[in-house]
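Inside the fold
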Amino acid sequence: MSEVIVVTSGKGGVGKTTTTANLGTGLAAAGHKVVLVDADIGLRNLDVVMGLENRIVYDITNVTDGQIPYKKALIKDKRYDGLYLLPAAQTKDKTAVSPEQMRELCDELRQEFEYVIIDCPAGIEQGFKNAIAGADRAVVVTTPEVSAVRDADRIIGLLEANELREPKLIVNRLRYNMVKAGDMMSIDDIIDILAIELLGVVPEDEMVVITTNRGETVVQDDKSRSGQAYRNIVRRIKGEQVPLMDLQEGGFLTRLRKFMGLK
Amino acid sequence: MLEFISRIFGKDSSPSKNVARERLRLVLVHDRTDISPQIMEALKSDLIKVITNYMEIDEAALEVSLDSNENQIALVANIPVKGMKRSGSMAPTGA
Ligand SMILES: Nc1ncnc2c1ncn2[C@@H]1O[C@H](COP(=O)(O)OP(=O)(O)O)[C@@H](O)[C@H]1O
Ligand SMILES: [Mg+2]
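What comes next concerns the included structure. (Residues numbered from 1 in each chain as written. Chains lettered and ligands numbered in written order. Predicted model: local features only at pLDDT ≥ 70, side-chain atom pairs only at ≥ 80, totals over all residues. Heavy atoms only, no water.)

Section: the interface of chain B and chain A
Taken together, the contacts link ten residues of chain B with twelve residues of chain A. Between chain B and chain A, the buried area comes to about 1100 Å², and carbon and sulfur atoms account for 61% of it. At the boundary of chain B and chain A, one finds four salt bridges. For Asp189(A), the salt bridge is made with Lys17(B), and the minimal N-O distance between the two is 2.7 Å. (Contact = heavy atoms within 4.5 Å. Buried area = accessible area lost by both parts, 1.4 Å probe. Salt bridge = Lys/Arg side-chain N within 4 Å of Asp/Glu carboxyl O.)

What to know about helix 9 (residues 187–194) of chain A
Taken together, the buried positions of helix 9 of chain A are Ile187(A), Asp189(A), Ile190(A), Ile193(A) and Leu194(A). Summarising the axial view, the buried residues of helix 9 of chain A lie within an arc of 165°, below the 170-degree limit, and thus occupy one face. Helix 9 of chain A presents Asp188(A) and Asp192(A) as exposed residues on the side facing more than 90 degrees away from its buried surface. In the core, the buried residues of helix 9 of chain A are packed alongside helix 7 (146–161), strand 7 (168–174) and strand 8 (197–203) of chain A together with helix 2 (16–33) of chain B. (Buried < 20%, exposed > 50% of the residue type's maximum accessible area, 1.4 Å probe, protein only. Helix = DSSP H or I, 4+ residues; strand = E, 2+ residues; numbered from the N terminus. Arc of directions from axis to C-beta.)

Looking at empty space enclosed by the protein
Residues and elements named next belong to chain A. A full pass over the atoms with the stated rule returns two cavities of 30 Å³ or more. Empty space within the largest cavity amounts to approximately 40 Å³. What lines the largest cavity is Gly200, Val201, Ala229, Asn232, Ile233, Arg236, Leu244, Met245 and Leu247. Elements supplying a minimum of two residues to the lining of the largest cavity: strand 8 and helix 11 (225–237). Considering every element that reaches the lining of the largest cavity, the biggest residue donor is helix 11, with four residues. For the lining of the largest cavity, the residue count by class is six nonpolar, two polar and one charged. In this structure, the second largest cavity encloses a volume near 30 Å³. (1 Å grid on protein atoms, 1.4 Å probe; cavity = no way out; pocket = protein on both sides within 12 Å on 5 of 7 lines; lining within 4 Å. Points joined across faces, edges and corners; volume = space filled by probe spheres on them. Nonpolar A, V, L, I, M, F, W, Y, C, P; charged D, E, K, R; others polar.)

Focus on unusual backbone geometry
Residue and element names in this part refer to chain A. The phi angle at Glu166 is positive, at roughly 50°, despite the residue not being glycine. Locating Glu166 in the fold gives a position in the loop between helix 7 and strand 7. Residue classification places Glu166 among the exposed positions, given a relative accessible area of 64%. Although it is not a glycine, Arg173 sits at a positive phi angle of roughly 65°.

In C-alpha cells:
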C-alpha cells in the first residue's frame, strides 16, 4: 500500500519544507521506503534542508519532460535506508510542470515507494495546483498567527474543492509560554476556527535551526522537543493513536522543581 | 472595518491572543462568504441612501461588516446618527 501526501500551507515560511524533511526522515527511520518530491520549482530548498544539495545532477523537470526515467534523477540519502529525494528545478518556473505530468509522476512513484511526500510551494497558483494534483491526502502547516491561519483556511477550502478531503493540520512554532500568558492563540483556538483534524503540534525550537544548519533533521534528535513532536506525527501518519505531547517547556524534573518551589 | 469591530469585542486590556482570535474569526467570515469588498461598498452606499431618507447620519463613520455565530452569518451595521429628520421632511421610501 502506498500513499502520496502533499505538505501545504498557503503562506510561505511556516515550515512546509522542514515538515516534509522531518516526516520523510522519520518514516524512513521507521523502516519505510520514502521519496520526497520538491515541487517548489524555481525555489529549490528541500535539497539543502536535507543536506543533499551537492549531489544533484537531474531535477524533476528532466523527468516530467521525458528526458530521463525518474530513477536517474533520484538522490539516495545514504544515512537512511529507503530515503530518496527528487529535487526541484532551480532555473525554471512553475509552468515547467503541468498537473497532468505531476499525476503521472506520482502514479509511477507509488509503484516503488510506500510514501511519496510532496513539498508544496507557497501560494495558490500553478505551483500549488501542480503539487496537489497527484496527492491522496494533504497536510496543512500553519503557525499560531492570524495571517498564517487565514491562509490555511483558504488552502483547506481549495484542497476540498480539489477532492482532497479531510486534510490534517500541523501547528508549527508554538510557544507554550506565550500561549499561557495569553499572547498566542492556542491549539484549541485554531482548531475551533479551522474545524479540521489536528495531526500534531511542533514547538518553536532552536534545535530545528541548528539541525537544519547542518543539513540534518531534528526528528533524529532524541533530546529535542520538536524532534519528539515530529516522531509523534510520523507515528500518527502510520495510523497509530498517539496522545499530544506535554507542551510545557522544560523537562519533567524542571517542572517538578518549579512546582516544589525550588526554582 | 474589521479592526474597529475587533476593538469593540477585544478591548485593549484583554490578552492579545483574544484580539488575534477575534480578528481571525471575522476575517474568515468574510473570506468564506466570498463577498467582495466592492459588493460591501455598494451595500454600504445603498444603506446610506435609504437611511438618509429618515435620519441624518455620519456617513464617514458608518461601519458595515459580516459576523457569525454557530451556523449563522449576520450583517452588522454600526451607523452613528447625528439627528432625526422631521417627519414632515420624510421622503417617500420606495426602497
Ligand atoms: N519549529 C520550529 N522552530 C524554529 N524554527 C523553525 C521551526 N519550523 C521551521 N523553522 C524555521 O522557519 C524557517 C522557514 O521554514 P521552512 O520549512 O523553510 O518553511 P516553508 O517551507 O513553509 O517556507 C526556516 O528557517 C526553519 O528553520
Ligand atoms: Mg519551502
